[in-house]
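# Summary of structural features
This is what each chain is made of:
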Amino acid sequence: QVQLVESGGGLVQAGGSLRLSCTVSGRTFSTNAMGWFRQAPGKEREFVAAISWSGHTDSVKGRFTISRDNAKNTVYLQMNSLKHEDTAVYFCAAKSSPTVGSWYLGWDYWGQGTQVTVSP
């Protein structure tokens, strides 16, 4: 059974940094696209960043950087210069395909999410 487990969330002051991790168990995901989404209270889930099997990245936040360590079956989201509006639950996702393609379609596996709270 495939499981995606996020970690690294927490409470941070505005201007601070956090690094989220997402570790996949159950199978190797080195040839799969991975991504991060977030959902703030009362808002829809939104795309944050994604990375293909080869390391090509897409990100809508210049302050956020996605990376992966295939040897550890882990994808990271480095978040810098955090703002209060970055407060949300952050979810990791994986596709069955090696490339990202659509930012919102084709995500086959999801983690449970990790809370990030940025104090003003």
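Reading the values: rules and limits
Residues numbered from 1 in each chain as written. Predicted model: local features only at pLDDT ≥ 70, side-chain atom pairs only at ≥ 80, totals over all residues. Heavy atoms only, no water. Phe/Tyr/Trp six-rings, centres within 6.5 Å; stacked < 30°, edge-to-face > 60°. Lys NZ or Arg CZ within 6 Å of the ring centre and 35° of its normal. 1 Å grid on protein atoms, 1.4 Å probe; cavity = no way out; pocket = protein on both sides within 12 Å on 5 of 7 lines; lining within 4 Å. Points joined across faces, edges and corners; volume = space filled by probe spheres on them. Helix = DSSP H or I, 4+ residues; strand = E, 2+ residues; numbered from the N terminus. Nonpolar A, V, L, I, M, F, W, Y, C, P; charged D, E, K, R; others polar. Core = buried A, V, L, I, M, F, W, Y, C linked by side-chain atoms within 4.5 Å. Buried < 20%, exposed > 50% of the residue type's maximum accessible area, 1.4 Å probe, protein only. Pairing = 2+ DSSP bridges. Axes fitted to C-alpha atoms, helices over the stretch in contact; angles between N-to-C directions.

This part takes up the packing of aromatic side chains. If you walk through the whole model with that rule in mind, you get 7 aromatic pairs. Members of the aromatic cluster, joined through ring pairs, are Phe37, Phe47, Trp103, Tyr104, Trp107 and Trp110. Arginine 27 extends its terminal NZ or CZ atom over the ring of phenylalanine 29, reaching a point 4.4 Å from the ring centre. Geometry around tryptophan 110 places arginine 45 over its ring, the cationic atom sitting 4.7 Å from the centre.

Moving on: empty space enclosed by the protein. Across all of its chains, the model carries 1 cavity of 30 Å³ or more by this definition. As for the largest cavity, its lining consists of Val24, Phe29, Ser30, Met34, Arg68, Asp69, Asn70, Asn73, Thr74 and Val75. Secondary-structure elements contributing two or more residues to the lining of the largest cavity are strand S7 (64-69) and strand S8 (74-79). Of the residues contributing to the lining of the largest cavity, the split by class is 4 nonpolar, 4 polar and 2 charged.

Among the nonpolar cores identified, the biggest contains 25 residues, and Met34, Trp36, Val75, Leu77, Met79 and Tyr90 are the most heavily contacted of them. Membership of the second largest hydrophobic core comes to 7 residues, among which are Ala33, Ala50, Ala93 and Val100.

The next subject is the sheet that holds strand S3 (residues 18-25). What the 4 strands build is an open sheet, ordered S1-S3-S8-S7; its pairing is antiparallel. The outermost strands of the open sheet, each flanked by one partner alone, are strand S1 (3-7) and S7. With direction set aside, neighbouring strand axes in the sheet form an average angle of 15°. Two elements, S1 and S3, share 5 bridges in a ladder whose sense is antiparallel. By the bridge assignment for S3, glutamine 3 is matched with serine 25.

On their own, these measurements won't tell you what the molecule is for.
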